[in-house]
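# Examination of the molecular architecture
Here's the letter readout for the chains.
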Amino acid sequence: MSAGTPELIAPTPARFLVADRVIRFVSYWRDPALHLLLIVVGYRLAFELRFDFNTPPEEAELFWISVPLLIVLRLATYAVVGVFRAYWLHFGLQDLLTLALAVTLSSLTFVVVLFLSHLFPGVPRSVLLVDWASAIFFAGGIPFIARALREGPVPFATPRGRRTLIIGAGERAEQVLREARRAEMCALHPVGLIDLNGARRGRTIRGVRVVGTADDLPAVSQMLKAEFAIIALEPGELPEMRRVVDQCIAGGLEFKTLPSLHELLESTAGVNQLRNVRLEDLLGRPPVNLDLAPVAADLRNRVILLTGAAGSIGSELARQIAPFGPARMILLDQAESDLYFVHLELRDAHPGLDLVPVICDITNATRLEQVYAQYRPDYVVHAAAYKHVPLMEINVVEAVRNNVLGTLLVATTAVRYGATKVLLISTDKAIRPASIMGATKRIAERIIFGLPNLHRSGTDFRAVRFGNVLASKGSVIPLFERQLAAGGPITVTHPLVQRYFMTIPEAAQLVLQAGSLSETAGAIAMLEMGEPVRILDLAEKLIRFSGRVPGRDVSISFTGLRPGEKLTEDLISALEATVPTSSPKIRISQTTETAGPELVQKLSRLFAFLDGDNRDGMLETLCDLVPECVSPLAEHRADPVKALDALSNGRSSGAWHSVLSSSQPSWRERRRTGVRFMPPPDLRTDEKREGMVCRRKDPRAGGRRRTDIGVLLPTGSSGTG
């Protein structure tokens, strides 16, 4: 065949078309034909049973007269009710109930027709009753036999496969037993069930007996010579996962678990697929029940800007937001490759969603303003931050620039361009911070709640705090896995160090719910993080999950606390109190933020040191901005005399002096361009002594000074919209 000539498809031979039609015809009429045979056999059996298998000729004649009527009525009823649609290899209780309904309706109709045709007196009533029962028995029994032959070994056959304990005695355990009896699952031989509380001890499920509780696992496994365990806990029993795993390890059992509800909903696993127990399973918390209605109303048809969209939390937030149908989602990050793959994933999963990937550094005020001006986001989720504690101890300048100045630029630009809501992703390390990272995130909170112009802008500012996230890029788990793959040792900072952990989906879902609650408006939301987990326990379990023994096969070494680290994290500061919300997993942290000139003065000093790359000055100012900080960060707190010297040195920078005196757009220009939070010029007063631009209320009793935040932005950073 020459190039460029389309290849011709050979026509299908006529004999194959005929054969295909015959196969389809036979498949279509197979079930009705089999049911027809069962109807005749059952009806005839009813006569034979009634007359002890010696049916008189006149009764036999009555059978042949009435059976065509019964066939027509029963097959018609089967077709209407849907008996023919049942798949025999998956015949279940619902199919049996449907069959019983169809047989009952057809039998009643048959009796009515016999009565109206004057044949009823001739047909014995016992025949009608036996026919009804035999129809259900034959039409329902044969599918059950077919399913039993498919699902499991023949009764009394010699069991094969690994002797397996099923941990759980609920619906999920029954599902495992059902799947284990299939031919392709014969590698498992269930020898017993474990009930956590012992309430079902002695009972049987699908022929397998409940033999003990979780505490009995080592003894039961030895008694039954079990080699393997499948953890099939119900959602309400998940808090016991850690105890179950400990008992499996103590009994020397290899174990796996079923996919979680989240994995099933996300279609990342099937109901019959076992997987290894992961460290996030040991958090021991049931799945988050997200109230979808307020979240959907909060996100639908809105233009959403998500900063840090390529990170672990940011990308999961993007995945959670996308199904709610925002009008547009702007994915902003400076990590090009990671952002590319997140955008590609979301584009394939949600082809109808308007996704805009934006490469941008949040500390680049000019570029950030261009993004706001072009897309006009209505809802800003600010997840971009430097979060690695030891790295930020070394790179103080970048921690302040990104976490403090970046937050300031994101928040003020959002106000200038009319965003109605800004949600800051914070951390539990902002509570009594001991590290640079924690202090900068605490200052970010103070910025969005304490700066007067942001506070009066009408924009809904919120913050959400939560703990460490398992499997995130900065988590300890990927480090442990790399060390384990290399053969060890696994390094732990301190044997007593412990942290609060959440899974990435759990954190993202609760963040969105906190953003939609009316109670969290203008407040800091605290996510319920459960019980703290010892890092040493995580390391030991990770080693055991790999089939090795800690200390024997893989060693654990202690390296000492890293700079900025604490043994334990706090849930609440002495300056704060928490109150519950309508969501049981979200609380509000009540704190009084210092607003006005004092906060602006300290921030301006911090930015002056930032411009001068003065590390010591920045550390002292961080302590001044976060007075509740603790050691080791608190060791940098300056005495009053040094603080005054530092303040004067910070003001001496010519570059920062120009920042403080940078001109702002005129009030009429800002009003024309939609900038609405700046005051008219006649209400502004230059206060040279304080080194900042401020404004005062009209003189009256009780009036107080309010400070303009525009002076904190570097030249060219404030933007004119």
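Look up: the structure comes first, before these words.
Residues numbered from 1 in each chain as written. Predicted model: local features only at pLDDT ≥ 70, side-chain atom pairs only at ≥ 80, totals over all residues. Heavy atoms only, no water.

### Topic: helix α5 (residues 171–180)
A large share of α5 lies buried, amounting to eight of its ten residues. Looking at α5, one finds that the buried residues are Arg 172, Ala 173, Glu 174, Gln 175, Val 176, Leu 177, Glu 179 and Ala 180. In this fold, the buried residues of α5 make contact with β1 (162–167), β2 (188–194), β3 (204–205), β4 (208–212) and β5 (228–231). (Buried < 20%, exposed > 50% of the residue type's maximum accessible area, 1.4 Å probe, protein only. Helix = DSSP H or I, 4+ residues; strand = E, 2+ residues; numbered from the N terminus. Contact = heavy atoms within 4.5 Å.)

### Quick word on the environment of Met 529
Along the chain, the position of Met 529 falls in the loop between β17 (524–527) and β18 (533–534). Separated by 57 residues in sequence, Met 529 and Ile 586 place their C-alpha atoms 9.5 Å apart.

### Thoughts on the sheet that holds β2
The sheet built from six strands is open, its strands ordered β3-β4-β2-β1-β5-β6 with mixed pairing. Two strands bound the open sheet, and with one partner strand each, they are β3 and β6 (254–257). When β5 meets β6, the two strands line up parallel, connected through four bridges. Paired with Ile 231 across the two strands is Thr 257, which belongs to β6. Contacts between α5 and the sheet are confined to β1, β2, β3, β4 and β5, with β2 contributing the most and set at about 160 degrees to the helix. (Pairing = 2+ DSSP bridges. Axes fitted to C-alpha atoms, helices over the stretch in contact; angles between N-to-C directions.)

### Some words on the pattern of salt bridges
Applying the stated criterion across every chain, the model contains 24 salt bridges. A salt bridge links Glu 316 to Arg 319; the nearest nitrogen and oxygen atoms lie 3.2 Å apart. Here the residue Glu 316 and the residue Arg 319 both occupy positions in helix α10 (residues 312–321), the gap between them amounting to three residues, near one helical turn. Note on Glu 316: relative accessible area 9%, which makes it buried. Exposure remark for Arg 319: the relative accessible area of 30% places this residue in the partly exposed category. (Salt bridge = Lys/Arg side-chain N within 4 Å of Asp/Glu carboxyl O.)

### A closer look at the side chain of Asn 402
Within the secondary structure, Asn 402 is located in helix α14 (residues 396–416). When residues no more than four places from it in sequence are discounted, the contact partners of Asn 402 are Asp 361, Ile 362, Thr 363, Ala 384, Ala 385, Tyr 386 and Thr 407.

### Some points on the packing of helix α20 (residues 597–611) against helix α21 (residues 615–625)
At a minimum axis separation of 9 Å, α20 and α21 run at an interaxial angle of 160 degrees. Judged on the interaxial angle alone, α21 and α20 are roughly antiparallel. α21 is crossed by α20, and the crossing has left-handed handedness. Contacts between α20 and α21 involve Leu 599, Lys 602, Leu 603, Arg 605, Leu 606, Phe 609 and Leu 610 on the former and, on the latter, Gly 617, Met 618, Thr 621, Leu 622, Asp 624 and Leu 625. The residue makeup of the contact of α20 with α21, split by class, is eight nonpolar, two polar and three charged. (Parallel < 35°, antiparallel > 145°, perpendicular 65-115°, else oblique. Left-handed = near helix turned anticlockwise from the far one by under 90°. Nonpolar A, V, L, I, M, F, W, Y, C, P; charged D, E, K, R; others polar.)

### Quick look at unusual backbone geometry
Here the residue pair Ser 631 and Pro 632 is connected by a cis peptide bond, since its omega of 15 degrees sits within 30 degrees of zero. Tracing the chain through its elements places Pro 632 in the loop between α21 and α22 (640–651). For Phe 53, which is not glycine, the phi torsion reads 60 degrees and is therefore positive. Note that Phe 53 resides in the loop between α1 (14–50) and α2 (57–81). Phi at Asp 613 is positive, roughly 55 degrees, even though this residue is not glycine. Positionally, Asp 613 belongs in the loop between α20 and α21. Residue Asp 613 is classed as exposed on the basis of its relative accessible area, which comes to 54%.

Everything listed is a geometric property; what it means functionally is a separate question.
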